[in-house]
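Reading the structure
Listed below are the residues making up each chain.
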Amino acid sequence: MKTALILMLLSFPLVADVLTVASMKNEPQMDRSFFLKTQLSDKVLLDCQSFLQGIYIGPRDGGAFYMMEPDECESLYHRIRASHRKFKKHCIEIEEAVNSDEAC
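Just so it is clear, the model here is predicted, and its values are computed rather than measured. (Residues numbered from 1 in each chain as written. Predicted model: local features only at pLDDT ≥ 70, side-chain atom pairs only at ≥ 80, totals over all residues. Heavy atoms only, no water.)

1. Quick look at the state of the cysteines
This is how it is decided: Pairs of cysteine sulfur atoms within 2.5 Å are what we label disulfides. Strands are runs of DSSP state E lasting at least two residues, helices are runs of H or I lasting at least four, and both sets are numbered from the N terminus onward. Only protein chains enter the area calculation, which uses a 1.4 Å probe; residues under 20% of their type maximum are buried, those over 50% are exposed, and those in between are partly exposed.
Under the defined criterion, the tally for this structure stands at two disulfides. Cys48 shares a disulfide with Cys73; S-S distance 2.0 Å. Note on the Cys48 and Cys73 pair: the S-S dihedral is about -85°, so by sign convention the disulfide is left-handed. Here Cys48 is found in the loop between strand E4 (44-47) and strand E5 (54-57), whereas its partner Cys73 is found in helix H2 (residues 70-85), with 25 residues between them in sequence. Given the relative accessible area of 1%, Cys48 is considered buried.

As structure tokens, then:
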């Protein structure tokens, strides 16, 4: 019984990943697609322009992708910009999707 409980707990993520966005710049030739400078060594892209919108971590064809609705993506962009205008970083909590975000 104890072993089953431990296995069940290990199958669920206990801590969500948090991306800390220090800066953001436009992807060349794109109006609503942005490279995010984070603590990760992988490239992080907030793409609010393509058919499938969301956050890419790593290469588009083989990395992690967290899909977002168009209005969610655009709102996240505006909240990141607002944090940076206040000279703050922006933290995005991601588990299987974008759970929450705030200035940090």
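What follows continues from the structure just given.
2. A short note on the confidence of the model for the chain
Put simply, the test is: Residue-level confidence of the predictor, termed pLDDT, takes values from 0 up to 100. Contacts: residue pairs with any heavy atoms within 4.5 Å of one another.
Of the residues in the chain, 85% have a pLDDT of 70 or more, and the chain-wide mean is 82. This stretch, residues 1-15, has a pLDDT under 50; its non-local contacts, to residues over four places away or in other chains, come to two contacts.

3. Some details on the nonpolar core
We apply this condition: Nine residue types can take part in a nonpolar core, namely buried Ala, Val, Leu, Ile, Met, Phe, Trp, Tyr and Cys, and a core is a set of them joined through side-chain atoms within 4.5 Å.
Residues Leu19, Leu36, Leu46, Ile55, Leu76, Ile80 and Ile92 are the most contacted members of the largest nonpolar core, which totals 18 residues. Breaking this core down by element, the ones donating at least two residues are strand E1 (17-21), strand E3 (33-37), E4, E5, H2 and strand E7 (90-94). Considering each element in turn, this core owes the most residues, four residues, to H2. Those residues in contact with Ile92, other than ones at most four positions away along the chain, are Asp17, Val18, Leu19, Val21, Ile55, Leu76, Ile80, Val98, Ser100 and Asp101.

4. What to know about the pattern of salt bridges
The criterion, for reference: What makes a salt bridge here is a side-chain nitrogen of Lys or Arg within 4 Å of a carboxyl oxygen of Asp or Glu, nothing more.
Using the criterion set out here, one finds two salt bridges in the structure. In this structure, the salt-bridge partner of Glu74 is Arg32, at a minimum N-O distance of 3.6 Å. With Glu74 in helix H2 and Arg32 in the loop between strand E2 (23-26) and E3, this residue pair connects regions lying 42 residues apart in the sequence. Given a relative accessible area of 36%, Arg32 falls into the partly exposed group. For the salt bridge of Asp101 with Arg79, the shortest nitrogen-to-oxygen distance reads 2.8 Å. Linking Asp101 in strand E8 (residues 98-103) with Arg79 in helix H2, this pair joins segments that are 22 residues apart in sequence.

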